[in-house]
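Secondary and tertiary structure notes
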Amino acid sequence: MRILLVEDEIRLAENVAQALRDGPGFAVDHAEDGQTGLSLAENLCYDLIILDLMLPKLDGQTVLRRLRERGDGTAVLILTARSERSSIIQLLNCGADDYLSKPFDLGEVIARAKALIRRGKGMASPALRLGDLELHTGDQSVFRAGNSIVLSPMEYRILEYLMHRPRSIVSKRELLEHMYDFNWAHHSNVIEAHISNLRRKLGEGTNPPTIENLRNRGYRLVLESTNSREPGSEPA
Amino acid sequence: MKTYSLTRRLIIAVLLVELCSLLALIGIASVYEGISHFRALDVTLRGRADSLLGAVQDSEDPEDNVMLYGVEGLAPRRDIYIVRDDRGRVIGSQGWPDGEQELASSDTREFRNLTIGGIRYRVIRKPGLRIVDPGDAKGGVARHVTILYGSRTHPVWERVRNAIAFYTLSGLLLLAVTGVVLLHLLRRGLQPLYELAEQAGGISVNSWNLGPSSQARYVRELEPLVSAIESALLRLEQSFAQQKQFVSDAAHELKTSVAVVKSSLQLLTMRTRSAKEYEEGLERVKVDSERMEELVAKMLTLARLEDGGEQPESYRTVKLGDVLNDVAEHFQTMAHFHRIKLVVNSDISALVLCDPDQLRLLCSNLIHNAIQHSKASTEVRAMITVQGDEVQLRVEDDGEGISEDILPHVFDRFYRGDPSRSRRTGGTGLGLAISKAIVLRYHGAIRLESQPGHGTSAIVTLPLVRSTTKRLEHGSARNSQKKIATS
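Notes on the structure follow. Not measured: the values here are computed from a predicted model. (Residues numbered from 1 in each chain as written. Chains lettered and ligands numbered in written order. Predicted model: local features only at pLDDT ≥ 70, side-chain atom pairs only at ≥ 80, totals over all residues. Heavy atoms only, no water.)

**With respect to the pairing of strand β7 (residues 133-136) of chain A**
All names here are of chain A. Side chains Leu133 and Leu135 project from β7 onto a buried face, and the interleaved Glu134 and His136 project onto a face without burial. The pairing of strand β6 (residues 127-130) with β7 spans four bridges and is antiparallel. Residue pairing for β7: Leu130 is matched across the bridge by Leu133. In this structure, the hairpin formed by β6 and β7 is closed by a connection of two residues, where Gly131 is found at a positive phi of approximately 60°. With antiparallel pairing between neighbouring strands as the criterion, β7 and strand β8 (residues 141-144) make up a hairpin whose turn holds four residues, including Gln140 at a positive phi of roughly 55°. (Buried < 20%, exposed > 50% of the residue type's maximum accessible area, 1.4 Å probe, protein only. Helix = DSSP H or I, 4+ residues; strand = E, 2+ residues; numbered from the N terminus. Pairing = 2+ DSSP bridges.)

**Digging into the pairing of strand β4 (residues 90-94) of chain B**
All names here are of chain B. Relative to β4, strand β3 (residues 80-85) runs antiparallel, the two sharing four bridges. Counterpart to Ile82 in the pairing with β4 is Ser93. Between β3 and β4, which follow one another and run antiparallel, lie four residues, and Gly88 among them has a positive phi close to 85°.

**Remarks on a nonpolar patch on the surface**
Where nonpolar side chains cluster on the molecular surface, the patch consists of Ile12(B), Leu16(B), Leu19(B), Leu23(B) and Leu172(B) and spans about 440 Å² of accessible area. Positionally, Leu16(B) belongs in helix α1 (residues 6-55). (Patch = residues over 30% accessible without salt bridge, like charges linked within 9 Å, V, L, I, M, F, W, Y side chains within 5 Å. Areas by Shrake-Rupley, 256 points an atom, 1.4 Å probe, with all protein chains shown as cover. Salt bridge = Lys/Arg side-chain N within 4 Å of Asp/Glu carboxyl O.)

**Concerning the interface of chain A and chain B**
At the interface, 23 residues of chain A touch 23 residues of chain B. Counting each side, the surface lost to burial between chain A and chain B is near 2,200 Å², with a carbon and sulfur contribution of 56%. Together, Glu9(A), Arg11(A) and Pro103(A) form the three largest contributors to the area buried by chain A at its contact with chain B, with a combined 25%. If you look at where chain A meets chain B, you find three salt bridges. On the surface where chain A and chain B come into contact, there are nine residue pairs in polar contact (both at pLDDT 80 or more). Of all elements in the fold, only α1 (10-22) and α5 (106-120) of chain A reach the threshold of two or more residues within the side of chain A that touches chain B. Tallying contributions element by element places α1(A) first for the side of chain A that touches chain B, with seven residues. (Contact = heavy atoms within 4.5 Å. Buried area = accessible area lost by both parts, 1.4 Å probe. Polar contact = N/O pair within 3.5 Å; in protein donor to acceptor, adjacent residues only side chain to side chain.)

**A word on the pattern of salt bridges**
Residues and elements named next belong to chain B. Scanning all chains against the criterion turns up 31 salt bridges over all chains. When the shortest N-O distance is used, the salt bridge between Lys298 and Glu294 registers 3.7 Å. Of this pair, Lys298 and Glu294 are both found in helix α6 (residues 275-307), four residues apart, which corresponds to roughly one turn of the helix. One continuous salt-bridge network, built from bridges that share partners, spans Lys341, Glu379, Arg381, Arg394, Glu396, Asp398, Arg447 and Glu449.

**Quick word on the packing of aromatic side chains**
Residues and elements named next belong to chain B. In total, this model carries four aromatic pairs over all chains according to the counting rule given. Taken together, a centroid distance of 6.0 Å and an interplanar angle of 55° make the contact between Phe166 and Tyr167 tilted. We note Arg9 situated over the ring of Tyr4; from NZ or CZ to the ring centre the distance is 3.7 Å. (Phe/Tyr/Trp six-rings, centres within 6.5 Å; stacked < 30°, edge-to-face > 60°. Lys NZ or Arg CZ within 6 Å of the ring centre and 35° of its normal.)

**What about unusual backbone geometry?**
Trans peptide bonds make up the majority, and among non-glycine residues the majority have a negative phi. With an omega of -5°, the peptide bond between Lys102(A) and Pro103(A) qualifies as cis. Positionally, Pro103(A) belongs in the loop between β5 (98-101) and α5. Despite not being glycine, Arg339(B) has its phi angle at roughly 55°, a positive value. Locating Arg339(B) in the fold gives a position in the loop between α7 (320-337) and β9 (341-345). For Arg339(B), a relative accessible area of 59% translates into the label exposed.

**Some thoughts on the sheet that holds strand β14 (residues 455-463) of chain B**
Residues and elements named next belong to chain B. Pairing in this open sheet of five strands is mixed, and the strands run β9-β11-β12-β14-β13 from one edge to the other. The strands lining the two open edges of the sheet, one partner per strand, are β9 and β13 (445-451). In this sheet, adjacent strand axes meet at a mean angle of 15° when their direction is disregarded. Examined bridge by bridge, strand β12 (residues 390-397) and β14 share seven bridges and lie antiparallel to one another. Note on β14: the bridge partner recorded for Leu393 is Val460. Of the strands in this sheet, β9, β11 (379-387) and β12 touch α7, which is tilted by about 175° from β9. Here helix α8 (residues 356-372) sits on the sheet and contacts β9, β11, β12, β13 and β14; the angle it forms with β12, its principal contact strand, is near 25°. (Axes fitted to C-alpha atoms, helices over the stretch in contact; angles between N-to-C directions.)

Structure follows, in structure tokens:
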């Protein structure tokens, strides 16, 4: 999961970004002003935007309005030092999904970020299930038929992303965009290596779900590899 | 002071004036009444005396004496009279036993006031002529008689008194009616005032207007009051809005600062870390809380500068050049670190009267700003010039300058020309606001001149002190120990 953090107070941004990276292992990009934030958001590679209100160049509310005007449906969590009801109501009516007033609790930021991402993907429960595969986003644990599977952080994040979108094709590019922030060099073979490791670890069980490799199109998490194969697609 | 009612005062004043005129009127009327009644009495007396003269009859006695008879019913019982002929014989009298003495007196005025037997009379003295036997060949005998006729004055006074009583009563009645009518009229007339008071009572933080339909606006006497109230309200509203803005900004800054410290601490406790990580984290928290401390200190400084009255007891005559040199000394290290040359030209001896600590703060704020906005291997120049009875402090840098649309706002509290940049340099956005507050306190002026791309000059003018008598060295231990808050 990748998050865009738009906050002009650098120390605060550093802390929030660090917490999001350390905790749920999100990729975090940081923009110091509204304009930069808005142009970064154009990439549409974010699962959540955390937006401060008092921003130089372009204030948070304008950023939010422009985002929604151009049809960007990314979940937005507002950070505000204002706690007046009217401003909160206005923000939510402008298209914000949630808000937190400063000084906030980092744990709460993480929890809300997770909840917003979950909701954005159409999931309600923090535990994702597919066949006998179980993924708990709370403690980042993965079980296959009741047996715990140990995954590296990046493997876990790829699996979590795929679990959010079962049975649909996720391109390598999309995975790259959502797994890494701008500070990382994008090497597609990194993803391939992680996928193959992940497939191996998941394959330790008896049955699918497993990850299909659709050449030139991406990856797909399928429940039964034999039944749900798309016509024209090649097996991995 | 005791409270009093305008209405009551006005009514009392009007009634007093009315009472005075009433008294004057009664006085004049009484005099007139008295005079006219006594005139009437005199006429009556004359008439009575004439009738009496008419009753003096020719007599049939040998000496052709005049006689008086047939006077029954002629003179009222209470009147007195005495009639004497020219031979000194009293021919008739009524109720006047010792009237002869009066007749004999040399007083020959027609009317006199006499007191007879304790009763006051008005007396007419009437000489009369009676021709006895006018049909005679000799043409009759002329007989002179003198009549003294008196009438009691008591009834006249009684009538005058009655008239006065009548006037007084009707006057008092009039006064009472006037009072009531006035009260009513004043109450109605003062209605706009009551309305204004009611509307003024409705003013609160949430509604800063008098009602738009204020009747008082159309009253010429109240109009200045209404406009005074309205302009005062406008000023209050503005300064209230400013305060509100300040509080809101301050709250935002403080909350952000607290959020930084809190999140730094929480980040540390999110998972177990090595001792080195904790140490580094705590160091960061320390820096964060120092920034918060600085912010609070500056906000307090600004609040003290803007709200507190003048404290002349802390004022000293200070040599501006010395203070500037001192402050520049402090900043040499920082300037050196940023590879900026700090040039100070403070040769001119200029004395200013002020709190030395505040002057230091001003100088250090300006120099700190200049250094922060300068690129490496450029110059920051601070110089003092004297112009007339003013001293000018100029701090110039060769930095990136300030664009024109930002320049008017640089003295606003919490304003940051380029917010993200000044945040990175740790600015609070209060330095220039504090500088301005200091300069204004000493009746000086401060302005920024900037050429984008070429640099900025901060120009401070302060009133100059000519005398050197009260001069004190500023570089006391107290001052040099004081921590200088800078922007």
